[in-house]
Amino acid sequence: MLLSGRGSNFVALAESVAAGRIPNAEIVLVVSNRENAPGLERARERGIAARVIPSKGLEREAYDRMVVAALEEVKPELVCLAGYMRLLSPYFVEQFRGKILNIHPSLLPAFPGLEAQRQALEHGVKFSGCTVHFVDETLDAGAIVMQAVVPVRDADTPESLAERILDEEHRIYSEAARIVLEGRYRIEGRRVILTSGKA
Ligand code: GAR
């Protein structure tokens with residue numbers, strides 16, 4: 001798992017694994033590009049290996065080569081980005097093609113990039129939500145595995161909307177990770193079609 005901050009999506013996945021909701025899964029490594037990411041401590045208190053690989057001052061691919069090297073030591077079947085606030089280089093994507101998931105707090109392709117909840121409010125949409133998608137070379141644009149809709153309320157602030165979206169993020173990220181790990185999907189063009197068994 002790669003993260004940069006709070007780590008609530010990481011915790012949700014870790015709890016799903018611990019509760020058997022993602023059968024036969026194990027979180028083998030958490031990597032943060034920020035030293036003070038609270039998610040690191042939350043991993044360590046669960047007995048999960050957590051490493052800081054500082055990104056400051058490094059060029060994108062040089063940094064990604066360090067992260068890929070750390071991941072190669074543990075050979076993950078899936079790399080989950082959970083509030084990882086960096087764009088992956090083509091090099092990184094190539095090493096783990098089809099095995100990287102991201103969670104984004106909007107109904108993509110609406111509102112990619114930073115502050116998606118604020119973008120949604122400012123645009124005036126009545127529904128927003130979250131998206132789990134495969135990561136490719138384009139920002140927030142890979143094939144969509146799962147989405148959940150969250151209604152926008154008139155009284156919402158970016159914070160209140162973000163909080164309700166976050167509940168749905170925690171729910172669908174585990175579901176999507178399970179589907180992908182169990183191979184219960186096939187890809188047709190941009191569409192991820194859910195199936196009953198391994199493709
Ligand atoms: C989550 O809302 C996640 O969707 C968002 O950052 C937050 C991380 O929270 N990610 C992005 O905006 C990626 N573009 P967390 O650290 O508590 O999981």
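Whatever comes next refers back to the structure up there.
The paragraphs below set out a description of the structure included in this document.

Conventions we followed
- Residues numbered from 1 in each chain as written.
- Predicted model: local features only at pLDDT ≥ 70, side-chain atom pairs only at ≥ 80, totals over all residues.
- Heavy atoms only, no water.
- Helix = DSSP H or I, 4+ residues; strand = E, 2+ residues; numbered from the N terminus.
- Rg over C-alpha atoms; globule rule 2.2 N^0.38 Å.
- Buried < 20%, exposed > 50% of the residue type's maximum accessible area, 1.4 Å probe, protein only.
- Contact = heavy atoms within 4.5 Å.
- Pairing = 2+ DSSP bridges.
- Near = heavy atom within 4 Å.
- Polar contact = N/O pair within 3.5 Å; in protein donor to acceptor, adjacent residues only side chain to side chain.
- Areas by Shrake-Rupley, 256 points an atom, 1.4 Å probe, with all protein chains shown as cover.
- Nonpolar A, V, L, I, M, F, W, Y, C, P; charged D, E, K, R; others polar.
- Core = buried A, V, L, I, M, F, W, Y, C linked by side-chain atoms within 4.5 Å.
- Salt bridge = Lys/Arg side-chain N within 4 Å of Asp/Glu carboxyl O.
- Phe/Tyr/Trp six-rings, centres within 6.5 Å; stacked < 30°, edge-to-face > 60°.

1. A closer look at the overall build of the protein
No. 1: Along the protein, the regular secondary structure elements total six helices and nine strands.
No. 2: The C-alpha radius of gyration computed for the protein amounts to 16 Å, which stays within 12% of the reference 16 Å derived for 199 residues, consistent with globular compactness.
No. 3: For the protein, the spread of C-alpha atoms along the three principal axes comes to 50 × 40 × 35 Å.
No. 4: Looking at the protein residue by residue over its 199 residues, the buried ones come to 48%.
No. 5: Put simply, of all contacts in the protein between residues at least 6 apart along the chain, 57% involve residues at least 24 apart.

2. Brief notes about the pairing of strand E5 (residues 100-104)
No. 1: Where burial is concerned, most of E5 is hidden: five out of the five residues are buried.
No. 2: Burial along E5 is two-sided: the residues Ile100, Asn102 and His104 and Leu101 and Ile103 are all buried.
No. 3: In this sheet, E5 lies alongside strand E4 (residues 79-81) in parallel orientation, the contact comprising three bridges. Residue pairing for E5: Cys80 is matched across the bridge by Leu101.

3. Topic: the site of the ligand
No. 1: Surveying the vicinity of the ligand reveals the residues Arg6, Gly7, Ser8, Asn9, Gly83, Met85, Ile103, His104, Pro105, Leu166 and Glu169.
No. 2: His104 places a polar side-chain atom, nitrogen or oxygen, 3.3 Å from a nitrogen atom of the ligand.
No. 3: Between the ligand and Glu169 there is a distance of 2.7 Å, counted from an oxygen atom to a side-chain nitrogen or oxygen.
No. 4: Starting from 450 Å² of accessible surface for the ligand in isolation, the protein chains cover 88%.
No. 5: Contributions of two or more residues to the shell around the ligand are made by helix H1 (8-18), E5 and helix H6 (158-181).
No. 6: Across the shell around the ligand, the residue classes tally to four nonpolar, five polar and two charged.

4. So, the side chain of Arg164
No. 1: Position of Arg164 relative to the elements: it lies in helix H6.
No. 2: Of note is the side chain of Arg164, whose polar atom sits 2.9 Å from the side chain of Asp156.
No. 3: If near-sequence neighbours (up to four positions away) are discounted, Arg164 is found in contact with Val150, Pro151, Val152, Arg153 and Asp156.

5. Some words on the nonpolar core
No. 1: Membership of the largest hydrophobic core comes to 41 residues, with the highest contact counts inside it found for Phe10 and Val30.
No. 2: Only H1, helix H2 (38-44), E5, helix H5 (116-123), strand E6 (127-134), strand E7 (144-151) and H6 provide two or more residues apiece to this core.
No. 3: Val30 has contacts with Met1, Leu3, Phe10, Ala43, Ile48, Ala49, Ala50 and Arg51, leaving out every residue within four places of it along the chain.
No. 4: Counting residues in each nonpolar core, the second largest holds 19 residues, with Val68, Val79, Leu88 and Val93 among its members.

6. Side note on the pattern of salt bridges
No. 1: Inspection of every chain in the model, using the stated rule, returns 13 salt bridges.
No. 2: Measuring nitrogen to oxygen at the nearest pair gives 2.7 Å for the salt bridge that ties Arg97 to Glu94.
No. 3: According to the relative accessible area criterion, Glu94 is partly exposed, its value standing at 47%.
No. 4: Of the charged contacts in the structure, one is a salt bridge between Arg118 and Glu115, with a shortest N-O distance of 2.7 Å.
No. 5: Within the structure, one salt-bridge network assembled from shared partners comprises Glu15, Glu45 and Arg46.

7. Here we look at the side chain of His133
No. 1: Locating His133 in the fold gives a position in strand E6.
No. 2: By relative accessible area, which is 2% here, His133 ends up buried.
No. 3: For His133, the residues in contact, after removing those within four places along its chain, are Ile100, Leu101, Asn102, Leu108, Asp140, Ala141, Gly142, Ala143, Ile144 and Val145.

8. Observations concerning the packing of aromatic side chains
No. 1: Taken as a whole, this structure holds two aromatic pairs when the rule is applied.
No. 2: Centre to centre, the rings of Phe92 and Phe96 are 5.8 Å apart; their planes meet at 45°, and the pair counts as tilted.
No. 3: In this structure Phe96 comes out as buried when scored by relative accessible area, which is 7%.
No. 4: For the ring pair Phe134 and Tyr185, a centre distance of 5.6 Å and an interplane angle of 40° mean the geometry is tilted. Residue Phe134 is found in strand E6, and its partner Tyr185 is found in strand E8 (residues 185-188); the two are separated by 51 residues along the sequence. With respect to class, Phe134 is no different from Tyr185; both count as buried.

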